[in-house]
Amino acid sequence: MEFAIISTLNGVTYGLLLFMVSAGLTLIFGMMGVLNFAHASFYMLGAYIAYAVSSLFGFWTGIIVAPIVVGIIGMLVERFLLPRVHAHGHAHELLLTFGLALIIEELIKLFFGDFPVNYQMPDALRFSAFHIFGTGYPFYRMLIGAVAIIMFTVLWLLLTRTRTGIVVRAAERLPNMAEALGHNIPVVFMFVFGTGAALAGLAGAVAGAFYPTNPNMGLELGVIVFVVVVVGGLGSLKGSLVASLLIGLFSSFAVGLDWSLAGALDIVGLGDWARSIGGLMTLELSSVSATIPFALMLVILLVRPAGLLGERN
Amino acid sequence: MTSMRNIFIIAVILALLVAIPPFLGLGWQNALVNVLIASLFALAFNLLIGQAGLLSFGHAAYFGVGAFATLHLMLAIEDGLVFPTPLLPLAGALAGLVVGLIAGYFSTMRSGVYFALVTLAIAELFHSLAPHLEGIFGGEAGVSSMRMPWTGFTFGSILEVYYLTLAWVVVCGLGLWAYTRTPFGRLTLALRDNEQRVRFLGYNAHSAKVIVFAVSAMVSGVAGALQAISYETTNYSLFASGVSAQVVLQTFVGGSTVFFGPVIGATIFTLFSFLVSDLTRSWVFYQGLIFVLIMLYAPTGIGGVVYHHLRHRHQIDWSKMAAPYGVAIFGGLLIAAGTVFLTETVGILFGQEYAMARQTADMGFPAFELFGVAWQPAGILTWLLPAIALAGGCFILTRARRQIDHLWAQAGKNGDETANSATDATIAGGAK
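Quick notes on the rules
Residues numbered from 1 in each chain as written. Chains lettered and ligands numbered in written order. Predicted model: local features only at pLDDT ≥ 70, side-chain atom pairs only at ≥ 80, totals over all residues. Heavy atoms only, no water. Helix = DSSP H or I, 4+ residues; strand = E, 2+ residues; numbered from the N terminus. Rg over C-alpha atoms; globule rule 2.2 N^0.38 Å. Buried < 20%, exposed > 50% of the residue type's maximum accessible area, 1.4 Å probe, protein only. Contact = heavy atoms within 4.5 Å. Areas by Shrake-Rupley, 256 points an atom, 1.4 Å probe, with all protein chains shown as cover. Lys, Arg positive; Asp, Glu negative; His and termini not counted. Charge placed at Lys NZ, Arg CZ, Asp CG, Glu CD. Pairing = 2+ DSSP bridges. Buried area = accessible area lost by both parts, 1.4 Å probe. Salt bridge = Lys/Arg side-chain N within 4 Å of Asp/Glu carboxyl O. Polar contact = N/O pair within 3.5 Å; in protein donor to acceptor, adjacent residues only side chain to side chain. Core = buried A, V, L, I, M, F, W, Y, C linked by side-chain atoms within 4.5 Å. Axes fitted to C-alpha atoms, helices over the stretch in contact; angles between N-to-C directions. Parallel < 35°, antiparallel > 145°, perpendicular 65-115°, else oblique. Left-handed = near helix turned anticlockwise from the far one by under 90°. Nonpolar A, V, L, I, M, F, W, Y, C, P; charged D, E, K, R; others polar. Phe/Tyr/Trp six-rings, centres within 6.5 Å; stacked < 30°, edge-to-face > 60°. UniProt positions renumbered as here; feature names shortened; annotations may be inferred. Domains from an automatic or database assignment. 1 Å grid on protein atoms, 1.4 Å probe; cavity = no way out; pocket = protein on both sides within 12 Å on 5 of 7 lines; lining within 4 Å. Points joined across faces, edges and corners; volume = space filled by probe spheres on them.

**With respect to the overall build of chain A**
Secondary structure summary: chain A contains 13 helices and 2 strands in total. Here the C-alpha atoms of chain A give a radius of gyration of 21 Å, agreeing with the 20 Å that 2.2 N^0.38 yields for 313 residues. Oriented by its inertia axes, the alpha-carbon framework of chain A measures out at about 70 × 50 × 40 Å. Residues classed as buried in chain A amount to 52% of the 313 residues present. Within chain A, contacts between residues separated by at least 24 positions form 74% of all contacts whose residues are at least 6 apart in sequence. Carbon and sulfur atoms make up 69% of the accessible area of chain A, which totals about 13,900 Å². Charge separation in chain A, taken as the distance between the mean sites of 13 positive and 15 negative side-chain charges, equals 14 Å.

**Considering the pairing of strand β2 (residues 135–138) of chain A**
Where strand β1 (residues 128–132) of chain A meets β2 of chain A, 4 bridges bridge the pair, whose relative direction is antiparallel. Among the inter-strand pairings, Phe 130 of chain A is bridged to a residue of β2 of chain A, identified as Tyr 137 of chain A.

**Comments concerning the side chain of Glu 106 of chain A**
With respect to the helices and strands, Glu 106 of chain A occurs in helix α4 (residues 90–112). Setting aside anything within four residues of it in sequence, one finds Glu 106 of chain A in contact with Val 284 and Phe 285 of chain B.

**Describing the interface of chain A and chain B**
Facing 41 residues of chain A, the contacting portion of chain B comprises 39 residues. Taken together, both faces of the contact between chain A and chain B bury some 4,000 Å²; the carbon and sulfur share is 82%. Counting across the interface, chain A meets chain B through 0 salt bridges. Counting across the interface, chain A meets chain B through 4 residue pairs in polar contact (both at pLDDT 80 or more).

**Regarding the nonpolar core**
Within soluble globular proteins, side chains that are nonpolar generally end up buried alongside one another. Met 20 and Tyr 43 of chain A together with Phe 57, Phe 252 and Phe 291 of chain B are the most contacted members of the largest nonpolar core, which has 182 residues in total. Among the elements that make up this core, the one with the highest residue count is helix α2 (residues 26–51) of chain B (14 residues). Among all residues touching Phe 291 of chain B, those that are not within four sequence positions of it are Leu 95, Phe 98 and Gly 99 of chain A together with Val 248, Leu 249, Phe 252 and Val 253 of chain B. Core analysis: the next-biggest nonpolar cluster, separate from the first, contains 8 residues, Ile 316, Ile 404, Leu 407 and Trp 408 of chain B among them.

**Things to note about the packing of helix α8 (residues 183–193) of chain B against helix α10 (residues 205–231) of chain B**
Residue and element names in this part refer to chain B. Where α8 contacts α10, the axes come no closer than 10 Å and their chain directions differ by 110 degrees. Classified by the angle their axes make, α8 and α10 are roughly perpendicular. Our pair here, α8 against α10, has a crossing hand that is left-handed. Of the residues in α10, those in contact with Phe 184, Leu 187, Thr 188 and Leu 191 of α8 are Ala 205, Ala 208, Lys 209, Ile 211 and Val 212. Of the residues contributing to the contact of α8 with α10, the split by class is 7 nonpolar, 1 polar and 1 charged.

**Quick look at the packing of aromatic side chains**
Summed over all chains, the structure comprises 27 aromatic pairs over all chains. Ring geometry for Phe 37 of chain A versus Phe 98 of chain A: centroids 5.7 Å apart, planes at 80 degrees, classification edge-to-face. With Phe 37 of chain A in the loop between α1 (2–32) and α2 (39–57) and Phe 98 of chain A in helix α4, this residue pair connects regions lying 61 residues apart in the sequence. Overall, the relative accessible area of 12% leaves Phe 98 of chain A in the buried class. With centroids separated by 5.2 Å and ring planes inclined at 75 degrees, the aromatic side chains of Trp 28 of chain B and Phe 274 of chain B adopt a geometry described as edge-to-face. Here Trp 28 of chain B is found in helix α2, whereas its partner Phe 274 of chain B is found in helix α12 (residues 261–276), with 246 residues between them in sequence. Following the ring pairs from residue to residue traces out a cluster consisting of Tyr 48, Tyr 51, Phe 59, Trp 60, Phe 112 and Tyr 119 of chain A.

**As for the UniProt feature "transmembrane region" (unreviewed entry) in chain A**
All names here are of chain A. Taking the UniProt record as the reference, the feature "transmembrane region" (unreviewed entry) is found at residues 12–37, 57–82, 94–112, 139–159, 187–211, 217–234, 241–265 and 285–303. The span residues 57–82 shows a helical share of 96% and a strand share of 0%, and its end C-alpha atoms are spaced 34 Å apart. Structurally, residues 187–211 is divided into 88% helix and 0% strand, and its ends, taken at the C-alpha atoms, are 35 Å apart.

**Topic: the environment of Met 74 of chain B**
Residue and element names in this part refer to chain B. As for its placement among the helices and strands, Met 74 is situated in helix α3 (residues 60–78). What makes Met 74 buried here is its relative accessible area of 1%. Distance in space between the C-alpha atoms of Met 74 and Glu 232 is 8.9 Å, their sequence separation being 158 residues.

**As for the domain arrangement of chain B**
Residues and elements named next belong to chain B. Along its sequence, chain B is organised into domain 1 (24–300) and domain 2 (312–418). Distance from the C-alpha centre of domain 1 to the C-alpha centre of domain 2: 34 Å. Each partner contributes residues to the interface: domain 1 has 7 residues there, and domain 2 has 6 residues. In terms of surface lost to domain 2, no three residues of domain 1 exceed Arg 281, Tyr 286 and Tyr 297, which account for 62% of the buried area on that side. Inspection of the domain 1/domain 2 interface yields 0 salt bridges.

**Some details on empty space enclosed by the protein**
Regions of empty space are outlined by a rolling probe, equal in size to a water molecule, passed over the atoms. All names here are of chain B. This model, assessed by the stated rule, comprises 2 cavities of 30 Å³ or more. Of the pockets and cavities examined, the second largest cavity occupies roughly 40 Å³. For the second largest cavity, the full set of lining residues is Leu 43, Asn 46, Leu 47, Gln 51 and Phe 259. Residues belonging to the lining of the second largest cavity are distributed by class as follows: 3 nonpolar, 2 polar and no charged.

Here's what the structure looks like:
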């Protein structure tokens, strides 16, 4: 019972963090079809900028400045770099962002070194929200989750309930028609890309104070955010929320479970045979927890490329 | 005529590759082995993106599988199996082919960005599973073995390994090249240009793509096998996304539209890491910068640019062209110098050693040494010099570029065809 509750709590907060990072990617991928390989780098950039700013002007200034700076960087990338390679197709756009990811990572190593930096939440936020099974549950984890939920609500309302949302969705579906109606589509795209980057920056600034801030954090999340976006569905905000929670819960539960294929085969009496084969058969679920998201992505890509809640196939 | 000259050029290069290495030091011989392996890997990778238009982000999987299969065969030979050492890469080829057939069957069900994502997922599966499957991949420690002597060869020296690698790379490279000349090679190009039409012509596009994928994976497996033979050990880090990333970088910097373009990229980057990684910590940064600049300004890569010039060599008045080209190169060098200076300065000022030097200097800003000269961190010259180099270089390069574009446009008017690099690039893949 204790394991189940703690795992659920951790899984939900990790899932919400994943959602924070991938929300921007969902927006960009869904809107423009650009698979932004540099997205997790924007997340990392957010954490590092927040660290640098907060050490001079305090924690909250860092949280506010980081997403703005990262958003501006995103807009510059969309405005000046992506159009140059657009004529050569999606592959080149993807490659460009891939190169940018490499550059951002190396720049961060250049300025901040090849080791984790001491980016911490202020002491005022360092307390337990509630006690469960004798241990305190950090308030900051709840804060990360709350930011993610606010992010989702605001984005969702913005896209579905406002005029801006209509223009943005129109720019996605029928760019020529929207342009003919007098909307400046390049500017819309620039702002969407900037917003996506800013969201990643915000996620980095908020989460970086709790999780380690190091030059590998982009690489660690880099592929998993693709998993979220793909599993959730192309451009579906709700989908990526569901997928994030799913993956968060999966990974937090899998860590504590020693199930294996051999164990499953015990039920039909083939357990010993499976154990004699070894290899995949005796791998415990806890040791393959890192594999599950990729397997999930593979299955989704092959069975239903539109994703769980995506509309188009 | 052209083909005769091509054969002559290839023969000269081969003769050099055979004749020179015995006179080089061990470090260089080792570097050349790595260049050859990287070249073959990039050629195999480019079969997919350059010929079939499929961008794989997980080619480390087939490279790694080839390496592990070879090491297991080497272990079996140590245990008494009779097998000629020079044929070891066959194990890599077989493993690459089998895994490539399976992975290719699934990944080619999708196209475009989704294809890239499937290949990425497959490679990540390997990477995350490998350390847990000790029987096959040896856990975290990996698998190690020794090269066994065979008839007169001991394979104890790097030079022998070099010649073995060279032989395999030449055979596989020429084989891949010959493949592009076959009817099936033509069909591969058609898959890239218009898949729908291929289907209407009555071909099974999916199985054709699976075959291309499997061939590419097979040759990647050979490259992995050669690496396993040269290092005699490997572990699961061979499946890391960085390995897949390197081959993408090398191929596109070299030029994916020209058959031997990837070799240029692989050679440049491998030698770059051999020569520069000792000099500076930031060599990966320069590598990324080179890649992004090439993507932005020369999407067909170095090979594409060279090929473009070779094609139009009779249309251009080189006497007029030489001056602006020289100026452009000068501008580029200025920019490079400015960038390197700034990067290294930042690297030093934000480095740990400088932090320690500041502590001994009572938190002041002591001078630092770069290129054998002492610079003041707050000095005007320290920042003015790179700024002038960057601004001046940009100015010169932009002007020269405009002039060059103008001359090319004129050459295009005089010649039979327009000097359009994009159409050139498409032709380059097929007509070569």
